[in-house]
Amino acid sequence: MYSDIFSKMYDAFGWNYYPESFAQLLLRWIDEQGLHINNMLDLGCGTGILCNMIAEHGIETMGMDLSHGMIAMAKQNYPHIVFQQGNMIDWKPEMNFDLVTSTCDAINHILEPEDVKKVMKNVYSYLNPGGVFLFDFLRPGEEADCEPVDMGELDGKRLQFQIYHPKDQFVTLQADLFEGDKLIHTEKIQEHLYEPEWILNVLKETGFQDVRCTDQLLESESGHAATWFIIAKK
Ligand SMILES: C[S@@+](CC[C@H](N)C(=O)[O-])C[C@H]1O[C@@H](n2cnc3c(N)ncnc32)[C@H](O)[C@@H]1O
């Protein structure tokens, strides 16, 4: 669970970079695919950047996140957009969507494979026919260990970040916040690294069609992104 203190410093310490660059990519992908997207839901929306950038292009967006702190930041940053707190495993919106996204490995935060299956079934239930579920994810072997590195200072507080693998197929991202030499907060984020073939099978069993995994979202662009995406159609 992302705490209030971590949610408040999330963008300031540079994690805004991913949703900002992904929003550009997503808009180009929608255009390239010729999709007619009226509305979009972002699962694990964090501080709401992706929802806001897509909404600026005339698509109605909604975000949801498990963390109360993240939802508070998203609502504060973008009061014109609807954000709801909930668990993507069982949370249900009151409407259906043409596009559901989940980015920056939010799916890997679901630690139990049975719960990932529930997420897929849940998303399927509120996608419009022909709607698309697009998400990124980390595979086993990704996210190399990283010794504590300084991420910079904010309001007199210094953030250190490290990555380690507590056991096979799991990664821990640890952020330590210091005031002077004193450790004032530790945030540990656990992620489960899933095999792409397993996720693709779960999606097919759920009823999704045209299921595929790619590290090259844009067909018009050569070269590969550092991120792997899964695209599934209802
Ligand atoms: C790495 S952050 C990414 C946030 C945002 N997507 C971005 O790109 O900046 C992962 C987010 O997933 C959320 N999350 C984790 N487990 C969740 C769950 N079961 N249901 C909904 N959100 C969840 C976390 O609270 C966190 O905000």
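Residues numbered from 1 in each chain as written. Predicted model: local features only at pLDDT ≥ 70, side-chain atom pairs only at ≥ 80, totals over all residues. Heavy atoms only, no water.

## Examining the site of the ligand
Then, in step 1: Within the structure, the ligand sits among 20 residues, and G44, D65, L66, N87 and M88 are positioned closest to it.
Then, in step 2: Contact between the ligand and L66: a nitrogen atom at 3.1 Å from a main-chain N or O atom of the residue.
Then, in step 3: The contact in question runs from a nitrogen atom of the ligand to an N or O atom on the backbone of M88, over 2.9 Å.
Then, in step 4: Protein burial of the ligand: of its 600 Å² of free accessible surface, 96% is covered by the chains.
Then, in step 5: Secondary-structure elements contributing two or more residues to the shell around the ligand are α3 (17-33) and β2 (60-65). (Near = heavy atom within 4 Å. Polar contact = N/O pair within 3.5 Å; in protein donor to acceptor, adjacent residues only side chain to side chain. Areas by Shrake-Rupley, 256 points an atom, 1.4 Å probe, with all protein chains shown as cover. Helix = DSSP H or I, 4+ residues; strand = E, 2+ residues; numbered from the N terminus.)

## Comments concerning the pairing of strand β8 (residues 170-179)
Then, in step 1: Most of β8 is tucked away: nine of the ten residues are buried.
Then, in step 2: Two elements, strand β7 (residues 157-164) and β8, share eight bridges in a ladder whose sense is antiparallel. Across the sheet, residue I163 finds its bridge partner in β8, namely L173.
Then, in step 3: Taking the residues between adjacent antiparallel strands as the criterion, β7 and β8 are bridged by five residues, where Q169 takes a positive phi near 70 degrees.
Then, in step 4: Direction of pairing for β8 relative to strand β9 (residues 182-192): antiparallel, over a ladder of ten bridges. Across the sheet, E179 pairs through a bridge with K182, a residue of β9.
Then, in step 5: If you look at the hairpin formed by β8 and β9, you'll find two residues sitting between the two strands, and G180 has a positive phi there, around 65 degrees. (Buried < 20%, exposed > 50% of the residue type's maximum accessible area, 1.4 Å probe, protein only. Pairing = 2+ DSSP bridges.)

## Structural notes on the domain arrangement of the protein
Then, in step 1: Assigned domains within the protein: domain 1 (4-139 + 194-233) and domain 2 (146-191).
Then, in step 2: With centres defined by C-alpha atoms, the gap from domain 1 to domain 2 works out at 25 Å.
Then, in step 3: Taken together, the twelve residues of domain 1 in the interface contact 16 residues of domain 2.
Then, in step 4: For the pair domain 1 and domain 2, the summed buried surface comes to about 1,200 Å²; carbon and sulfur atoms form 78% of the total.
Then, in step 5: It is F6, F13 and L111 that lose the most area in domain 1 upon contact with domain 2, and together they represent 44% of the buried surface on that side. (Domains from an automatic or database assignment. Contact = heavy atoms within 4.5 Å. Buried area = accessible area lost by both parts, 1.4 Å probe.)

## What about the packing of helix α6 (residues 113-126) against helix α7 (residues 196-206)?
Then, in step 1: Their axes nearest at 10 Å, the elements α6 and α7 cross at an angle of 45 degrees. With respect to α7, the element α6 is oriented oblique. Seen along the crossing, α6 lies across α7 with a hand that is right-handed. Together, P113, V116, K117, M120, K121 and Y124 of α6 and W198, I199, V202, L203 and T206 of α7 make up the contact between the two elements.
Then, in step 2: Here the contact of α6 with α7 is built from residues that sort into eight nonpolar, one polar and two charged. (Axes fitted to C-alpha atoms, helices over the stretch in contact; angles between N-to-C directions. Parallel < 35°, antiparallel > 145°, perpendicular 65-115°, else oblique. Left-handed = near helix turned anticlockwise from the far one by under 90°. Nonpolar A, V, L, I, M, F, W, Y, C, P; charged D, E, K, R; others polar.)

## A word on the sheet that holds strand β10 (residues 209-214)
Then, in step 1: Read from one edge of the open sheet, seven strands run β3-β2-β1-β4-β5-β11-β10, paired in mixed fashion. Two strands lie at the open edges of the sheet, namely β3 (82-85) and β10, each paired on one side alone. With direction set aside, neighbouring strand axes in the sheet form an average angle of 15 degrees.
Then, in step 2: Bridge count for strand β1 (residues 39-43) against strand β4 (residues 97-102) is three bridges, and the pairing is parallel. Bridge pairing links M40 to L99 in β4.
Then, in step 3: Lying over the sheet, α3 contacts β1, β4, β5 (127-137) and β11 (228-233), oriented at roughly 140 degrees with respect to β5.

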